[in-house]
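Summary of the model geometry
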Amino acid sequence: MVRTARRLLTGPLLAVALGAGLVVAPQAAVAAGVTATIKVGTTLKVRSAPSLAAKVVGSLRNGQKVTVACTLTGQRVKGSLRTTTAWDKLGEGRYVSHGYVSASRTLPRCAVGSPTAVPVKAKPVTTRAAKKYVVGTVKSLEGRVNLRSAPSTSGAVLGSVASGSKINLVCAVTGQNVDGTVRTTSQWDRTTAGAYISHAYMYSGPIPACSGSTVPAPTVSLTPEQFIRASVPGAQRGWRDYGVPPSVTIAQAILESGWGRSGLSTVDKNYFGIKCQNGSYGKLANGCHVYRTNECTKAGNCFSTSAAFRTYATQSHSFRDHGNFLRVNPRYKPAFAYTKDANKFIWKVWKAGYATDPNYYTKVTGIMASWNLYQYDTWK
């Protein structure tokens with residue numbers, strides 16, 4: 001039910017960006033569809049919605065012919081043919097990124113309802129009161145976010161806003177629970193125009209409760225003890241599959257994700273900063289997400305750039321992929337002579353160039369000792 005709420009909350013754009021590399025015909029969708037060819041290195045996952053976070057409902061091989069009913073806008077994807085926000089609809093509940101599709105002709109847009117905005121009656125406010133609002137920033141990986149007439153996905157759609165948009169918020173109420181990009185919450189924020197937007201897609205400062213309403217308590221971050229308990233299963237599975245000591249995996253996750261509070265870990269469940277390589281994300285991740293990041297040369301010169309990081313369905317998948325990353329990378333091979341000696345293992349990993357921080361080894365082993373993470377090394 002929560003996943004359904006999220007899909008209902010977001011809607012496709014009315015036009016596909018020209019920069020996506022796709023020319024869209026203005027006519028309604030043609031019933032017969034358009035013949036297209038899949039261009040992918042191995043196989044392409046078919047999703048239940050136009051997002052890499054949506055459920056996988058099938059796969060297509062390179063060169064396979066498909067019939068595209070229409071196209072719409074969803075999550076931005078870097079494909080083998082282009083980087084685009086366009087997704088092609090193959091049938092009800094079946095979507096593929098247009099980044100991997102070569103069509104025989106232009107694709108029609110999927111039919112989208114255009115609800116008429118409903119005026120919202122509001123009491124006049126004084127000039128002083130009108131200035132009392134909190135500026136929020138919309139964050140969505142699934143397209144535009146709807147503004148509604150009530151704090152529920154069943155409320156009438158009054159409009160929509162793109163990710164990155166700034167919105168003036170006056171107060172908050174409790175409504176339908178929504179699983180969004182930023183958080184899962186039942187808080188909805190009322191805008192200065194009287195519309196409602198789910199706080200699940202919002203970054204902002206504290207928002208006061210609307211008169212006569214209550215605001216749900218914010219989600220509490222895991223305590224260190226809770227984070228460690230949540231990390232143990234995935235770390236021990238990584239040991240069984242790849243030979244990385246669980247104490248090392250947990251300590252690195254603590255250090256690199258800030259106890260799971262980093263944006264990369266909270267949004268994409270990536271606790272180690274593992275990147276995608278030429279659009280490939282392996283068997284344990286479920287996609288890529290581009291972030292602005294800082295890179296440094298060996299000479300110590302740092303600069304801002306964009307990088308694609310792997311995204312995961314669960315924390316356990318991230319932990320297991322960490323083990324796989326170390327195992328398949330030849331530079332870390334010497335560490336696997338010490339799979340039952342956690343300190344020597346992380347020493348070899350660090351010396352092989354895992355991190356440029358001169359205190360990285362000391363920091364990791366310090367965390368291992370302070371929190372007695374050695375107890376989770378299952379060979380003991």
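Let me begin by describing the structure that accompanies this report. (Residues numbered from 1 in each chain as written. Predicted model: local features only at pLDDT ≥ 70, side-chain atom pairs only at ≥ 80, totals over all residues. Heavy atoms only, no water.)

1. Thoughts on the overall build of the protein chain
The number of helices and strands found in the protein chain is 8 helices and 20 strands. Here the protein chain, with 380 residues, has 45% of them falling under the buried criterion. Taking the contacts inside the protein chain whose residues are at least 6 apart along the sequence as the reference set, 59% of them involve residues at least 24 apart. For the protein chain, the exposed surface amounts to about 19,400 Å²; the carbon and sulfur share of it is 54%. (Helix = DSSP H or I, 4+ residues; strand = E, 2+ residues; numbered from the N terminus. Buried < 20%, exposed > 50% of the residue type's maximum accessible area, 1.4 Å probe, protein only. Contact = heavy atoms within 4.5 Å. Areas by Shrake-Rupley, 256 points an atom, 1.4 Å probe, with all protein chains shown as cover.)

2. So, helix α8 (residues 360–370)
Looking only at α8, the buried set comprises Y360, V364, T365, I367 and M368. Seen from one end, α8 has its buried residues packed into an arc of 155°, which puts them on one side. Opposite the buried face of α8, at more than 90 degrees from it, the exposed residues are T362, A369 and S370. Structurally, α8 contributes buried residues whose contacts are with α4 (246–257) and α7 (342–351). (Arc of directions from axis to C-beta.)

3. Looking at the state of the cysteines
Using the criterion set out here, one finds 3 disulfides in the structure. There is a disulfide in this structure between C70 and C110, and the S-S distance comes to 2.1 Å. When the S-S torsion is 90°, as for the bridge of C70 with C110, the disulfide is right-handed. Here C70 is found in strand β7 (residues 70–78), whereas its partner C110 is found in the loop between β11 (107–108) and α2 (127–130), with 40 residues between them in sequence. The pair formed by C70 and C110 is uniform in burial state, with each residue classed as buried. A disulfide bridge connects C171 with C210, and the sulfur atoms are separated by 1.9 Å. Between C171 and C210 the sulfur-sulfur dihedral comes to about 85°; the bridge is accordingly right-handed. Taken together, the residues C171 in strand β15 (residues 166–179) and C210 in the loop between β18 (202–203) and α3 (224–242) connect sequence positions 39 residues apart. (Disulfide = S-S within 2.5 Å.)

4. As for unusual backbone geometry
Positive phi is not limited to glycine here, since K269 has a value of about 55°. For K269, the location among the structural elements is in the loop between α5 (263–268) and β19 (287–296). Owing to a relative accessible area of 30%, K269 belongs among the partly exposed residues under this scheme. Residue N278 is not a glycine yet carries a positive backbone phi of 55°. Its place among the elements puts N278 in the loop between α5 and β19. Residue N278 is classed as exposed on the basis of its relative accessible area, which comes to 82%.

5. A short note on the packing of aromatic side chains
In the structure shown here, the tally under the stated rule is 12 aromatic pairs. Consider the rings of F227 and W259, whose centres lie 5.9 Å apart with planes at 75°: the pair is edge-to-face. Linking F227 in helix α3 with W259 in the loop between α4 and α5, this pair joins segments that are 32 residues apart in sequence. W259 gets classed as buried once you look at its relative accessible area, which sits at 18%. Where F272 meets F319, the ring centres are 5.3 Å apart and the plane angle is 70°; that geometry is what we call edge-to-face. Of this pair, F272 sits in the loop between α5 and β19 while F319 sits in helix α6 (residues 315–328), placing them 47 residues apart in sequence. For the residue pair F272 and F319, the accessibility class agrees, reading buried in each case. An aromatic cluster is built from F227, W259, Y271, F272, F319 and W371, whose rings are joined through pairwise contacts. (Phe/Tyr/Trp six-rings, centres within 6.5 Å; stacked < 30°, edge-to-face > 60°.)

6. A short note on the pattern of salt bridges
Taken as a whole, this structure holds 5 salt bridges when the rule is applied. Between R237 and D241 there is a salt bridge; the shortest N-O distance is 2.9 Å. Note that R237 and D241 are positioned in helix α3 at a spacing of 4 residues, about one turn of the helix. By relative accessible area, R237 is classed as partly exposed at 33%. A relative accessible area of 36% places D241 in the partly exposed class. Where D321 meets R310, a salt bridge forms, and the shortest distance between an N and an O atom there is 2.9 Å. With D321 in helix α6 and R310 in strand β20 (residues 302–311), this pair connects stretches of sequence that are 11 residues apart. Given the relative accessible area of 1%, D321 is considered buried. (Salt bridge = Lys/Arg side-chain N within 4 Å of Asp/Glu carboxyl O.)

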